[in-house]
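Structure assessment
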Amino acid sequence: MARLAAYLTDDAPTHGGRVLSYVYDSGRPELDALAGAAAAAVQAVNGLDPTTFPSVARLESDLVRFAREMLHGPTATGSVTSGGTESCLLAVLAAREQWRRRHAAGAQPGTVRPLIVLPASAHAAFHKAAHLFDLDLILVPVDAATGVPSVAEMVEAMDAAGDALALVVVSAPSYPHGVLDPIVEVAAAARTRDLPCHVDACIGGWVLPWWGAAGGDPLPPWDFAVPGVTSISADLHKYGFAPKGASLLLFSDPALDRARYFALTDWPGYPVVNPTLLGSRSATSLAAAWAVVQALGPGGYVELTRPTVRATAAVRAAVESIDGLRILGEPVGPLLAVAADLDTSGAVRADAVDPHAWATAVARAGFVLQGQPAFGLIPRSTHLTITPVTERVLAELIPVLIAAADEVRGAPERAEAAGAIPDPAQLAAAARAGGELDLASVLALIEMLPREQSAGLLTAFLAEFVAPPAGSDGQSTGVEV
Ligand SMILES: *Cc1c(COP(=O)(O)O)cnc(C)c1O
C-alpha cells in the first residue's frame with residue numbers, strides 16, 4: 001500500500017478543480033466514501049450471471065428506472081456498461097445487427113456494408129465502433145463557427161447512404177465544443193426512414209436534465225421526449241459523480257435493445273448470455289454508481305448542478321472578456337471550447353491568443369486544460385469541463401486565465417517544422433522520467449501530419465510509455481523465479 005501511495009503521487013489531482021477534464025469532482029467527500037463502501041460490499045460478486053447474483057439485476061434495474069424518468073423514456077430498457085465507449089459500441093452493435101437482419105433477405109452478403117451517419121464532432125467512440133464492428137462512416141462537417149452540423153447536410157448524408165444506412169448519431173452535447181446537435185430534426189428524419197437514432201449524451205446525460213432547474217438556460221428537447229430517438233448513452237462516471245467504470249445505455253425499442261445481446265449455446269460450457277461486451281463483470285462500479293445515485297436523487301443532482309451553472313457562466317464571461325480569445329459556438333451545458341479571435345475576414349487575428357500556447361501557460365500556473373487540434377475547418381481549441389468544484393477555485397482560476405492570455409498574446413501559432421518529427425520512444429522515455437510533455441508541439445504535430453501517421457506516432461508513444469521500463473531503473477515487482 002505504501003508503494004501504491006507512492007505511485008499515485010505523480011498523478012494529476014483528481015479532486016479540487018485544478019484538472020478541467022477527465023475528472024468530475026462533486027466536492028462531496030462523503031459521496032466518494034459511500035461509493036467506496038458500496039464497491040467493497042460487492043467486490044467478489046460476478047455480474048456475469050444475475051440469476052446467481054440477483055443483486056446485480058436489482059442494482060441495474062434501479063438505475064435504469066431512475067434514468068428512464070430523467071430521460072423521459074418511461075418504458076426504456078438497457079444496461080449499465082463499463083463506460084461511455086462501451087455504451088456507444090453497443091448502440092452501434094445493436095443497430096448493425098438490426099440492419100443485418102433487415103438486409104439478410106435481399107442483399108447478397110458482402111455487397112453492401114452498413115453505414116453510420118454522424119457529425120464530425122461525434123465522439124471517437126463511434127469511429128472505434130465502426131472499426132471493431134466493420135461499418136463505414138459518413139462524417140457530416142460541422143460549422144467552424146457554431147460546431148453544429150446543418151440539418152440539410154445530415155439528411156443529405158442519410159439519403160446518400162440509402163440502404164446501407166444503419167444508424168444516425170447526434171450528441172447532447174458534443175464533447176469537443178459542448179454544443180447541441182439538431183436532435184429534433186435529425187431524429188424526425190431517422191423516424192420517417194424507420195432508422196435508429198442514437199443520442200450520445202455520455203457527457204450531458206447526467207447534467208443537462210437538471211440544467212434549467214439549477215438556474216441554467218432552458219434547452220430544447222434532446223432526450224426520449226424527442227420522437228425518433230431510439231437510444232441514449234449517459235455516463236454515470238461523468239456528471240453522475242460515480243467512480244470510473246459506469247455508464248448507462250437505454251433503448252426505447254425493446255427489439256433494438258435485444259439486438260445487442262450475445263447468446264451462445266454452441267459450446268460445451270455454461271449457456272452464455274451477455275448483454276454487454278464483457279463476460280465476467282465486476283459489480284463494483286455498478287454498486288458504487290447505484291449508491292451515489294440513491295444518495296443524491298434528483299434533488300441532489302439539481303443542487304450539484306447549481307454551482308456548475310454559476311461557474312460555467314463565470315468562466316465563459318471571463319474568456320469572452322479576454323482580448324484575443326472567444327468561446328466557440330453556443331455551449332448549452334458545462335463544456336466550453338476556447339478558440340483564437342478572428343478578424344473580419346475570418347482569419348486568426350495576428351494579435352490573438354493561440355489556444356494551445358494559452359493552455360500551456362495556464363498549466364504552468366497549476367490548472368490543466370485540454371488541447372484539441374484543428375480538424376478540417378474547425379480551428380484548434382482548448383477544452384474546459386466545468387464541475388461543481390470549479391466554483392471554489394474561480395478566484396484563482398480566472399486571474400490565471402487572464403494572465404496566461406496576456407503572456408502569450410500575439411505569439412504566432414506553433415507549428416512543428418517539417419522533418420522535425422520527434423521519436424516517440426524518446427518522448428515516452430523523457431515523459432516517464434518525469435519530464436514535462438510539450439503538449440502544444442504534440443498538438444501542432446497532429447495538425448500537420450497525415451492522420452494515419454499521427455495516430456501511429458501516438459500508438460508508439462503510449463506503448464512505450466506504459467511498457468515496463470528497460471534496465472534497472474524499475475522498482476522490483478517482488479517476483480522471484
Ligand atoms: C466521454 C464521452 C464518450 C466516451 O466515454 P468514455 O467513458 O470516455 O469511454 C462518448 N461520447 C461523449 C460525448 C463523451 O463525452
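Residues numbered from 1 in each chain as written. Predicted model: local features only at pLDDT ≥ 70, side-chain atom pairs only at ≥ 80, totals over all residues. Heavy atoms only, no water.

**A short note on the overall build of the protein**
- Scanning the protein from terminus to terminus reveals 15 helices and 13 strands.
- The C-alpha radius of gyration computed for the protein amounts to 23 Å, which stays within 12% of the reference 23 Å derived for 481 residues, consistent with globular compactness.
- Seen through its C-alpha atoms, the protein measures out along the principal axes to roughly 60 × 60 × 50 Å.
- Within the span of the protein, comprising 481 residues, buried residues form 49% of the whole.
- Here the analysis covers contacts within the protein between residues at least 6 apart in sequence; of these, 72% occur between residues at least 24 apart.
- Accessible area for the protein stands at about 22000 Å²; split by element, carbon and sulfur atoms hold 59% of it.
- Between the mean site of the 31 positive side-chain charges and the mean site of the 50 negative ones, the protein shows a separation of 5 Å. (Helix = DSSP H or I, 4+ residues; strand = E, 2+ residues; numbered from the N terminus. Rg over C-alpha atoms; globule rule 2.2 N^0.38 Å. Buried < 20%, exposed > 50% of the residue type's maximum accessible area, 1.4 Å probe, protein only. Contact = heavy atoms within 4.5 Å. Areas by Shrake-Rupley, 256 points an atom, 1.4 Å probe, with all protein chains shown as cover. Lys, Arg positive; Asp, Glu negative; His and termini not counted. Charge placed at Lys NZ, Arg CZ, Asp CG, Glu CD.)

**A look at the packing of aromatic side chains**
- A complete count under the given rule lists 10 aromatic pairs for this structure.
- Between F461 and F465, the ring centres sit 5.9 Å apart and the planes meet at 20°, which makes this aromatic pair stacked. Here F465 and F461 lie together in helix α15 (residues 451-466), a separation of 4 residues that amounts to about one turn.
- For F465, a relative accessible area of 34% translates into the label partly exposed.
- Every member of this aromatic cluster is reached through a ring pair, and the members are Y24, F66, W206, W210, Y239, F241 and Y301. (Phe/Tyr/Trp six-rings, centres within 6.5 Å; stacked < 30°, edge-to-face > 60°.)

**With respect to the sheet that holds strand β7 (residues 247-251)**
- Strands sit in the order β1-β7-β6-β5-β4-β2-β3 across an open sheet of 7 strands; the sheet is mixed. Pairing within the sheet leaves two strands with one partner each, and these edge strands are β1 (77-81) and β3 (136-140). When strand polarity is set aside, the average angle formed by the axes of neighbouring strands in this sheet is 20°.
- Note that strand β5 (residues 197-200) and strand β6 (residues 231-234) share 3 bridges and pair parallel. Looking across to β6, one finds that V199 is bridged to I232. (Pairing = 2+ DSSP bridges. Axes fitted to C-alpha atoms, helices over the stretch in contact; angles between N-to-C directions.)

**Thoughts on the environment of P119**
- Residue position: P119 is located in strand β2 (residues 115-119).
- Looking at P119, the relative accessible area reads 0%, which means it is buried.
- Considering only alpha carbons, one finds P119 and V142, 23 residues apart in sequence, at a separation of 6.4 Å.
- In contact with P119, not counting residues within four places along its chain, are L139, V140, V142, P149, M154, V169 and D181.

**Thoughts on the sheet that holds strand β13 (residues 381-385)**
- One open sheet holds the 4 strands; their spatial order is β10-β11-β13-β12, and the pairing between them is antiparallel. Edge positions in the sheet fall to β10 (325-327) and β12 (370-372), since each of these pairs with one other strand and no more. Across this sheet, the average inter-strand angle for adjacent strands is 30°, counted without regard to direction.
- Pairing of β10 with strand β11 (residues 335-340), which is carried by 3 bridges, proceeds in the antiparallel orientation. Note on β11: the bridge partner recorded for L325 is A340.
- Each of β10, β11 and β13 touches helix α10 (residues 284-321); the most contacted strand, β10, lies at about 145° to it.

**Side note on the site of the ligand**
- The local shell around the ligand consists of G83, G84, T85, H123, Y175, D200, C202, I203, D235, H237 and K238.
- In the model, a nitrogen atom of the ligand is placed 2.6 Å from a nitrogen or oxygen of the D200 side chain.
- Here K238 contributes a side-chain N or O atom positioned 3.0 Å from an oxygen atom of the ligand.
- Across the complex, the protein chains shield 85% of the 380 Å² of accessible surface that the ligand would expose by itself.
- Residue composition of the shell around the ligand, by class: 3 nonpolar, 5 polar and 3 charged. (Near = heavy atom within 4 Å. Polar contact = N/O pair within 3.5 Å; in protein donor to acceptor, adjacent residues only side chain to side chain. Nonpolar A, V, L, I, M, F, W, Y, C, P; charged D, E, K, R; others polar.)

**Thoughts on helix α12 (residues 390-408)**
- At E396, α12 shows its maximal kink, close to 50°; a proline, P399, follows between one and four residues later.
- Regarding α12, the residues found buried are T390, V393, L394, L397, I398, V400, L401, A404, A405 and V408.
- In this fold, the buried residues of α12 make contact with α10, β10, α11 (355-364) and β13.
- Backbone geometry just downstream of α12 places G410 in the positive-phi region, at approximately 85°. (Bend = angle between axes of the 7 residues up to and from the residue.)

**Some remarks on the pattern of salt bridges**
- Tallied over the entire structure, the rule returns 22 salt bridges.
- Of the charged contacts in the structure, one is a salt bridge between E97 and R96, with a shortest N-O distance of 2.7 Å.
- Taken together, the shared-partner salt bridges in this structure form one network comprising D323, D341, R349 and D351. (Salt bridge = Lys/Arg side-chain N within 4 Å of Asp/Glu carboxyl O.)

**Some points on the nonpolar core**
- Membership of the largest hydrophobic core comes to 76 residues, with the highest contact counts inside it found for I183, V199, W206, W222, L236, L248 and Y301.
- Among the elements that take part in this core, α10 stands out by supplying 12 residues, more than any other.
- The contacts of L236, once residues within four sequence positions are left out, are L63, V80, W206, F241, A242, A246, S247, L248, A289 and V293.
- A311, F367, L369 and A405 belong to the second-largest nonpolar core, a separate cluster that totals 29 residues. (Core = buried A, V, L, I, M, F, W, Y, C linked by side-chain atoms within 4.5 Å.)

**Some points on helix α7 (residues 183-192)**
- Taken together, the buried positions of α7 are I183, V186, A187, A189 and A190. Looking down the long axis of α7, one finds its buried residues gathered within 160° of arc, a one-sided arrangement. More than 90 degrees from the buried face of α7, the exposed residues found are R191 and T192.
- Where α7 is buried, its residues meet α6 (151-161), β4 (165-171) and β5. (Arc of directions from axis to C-beta.)

These figures come from the coordinates and say nothing about function on their own.
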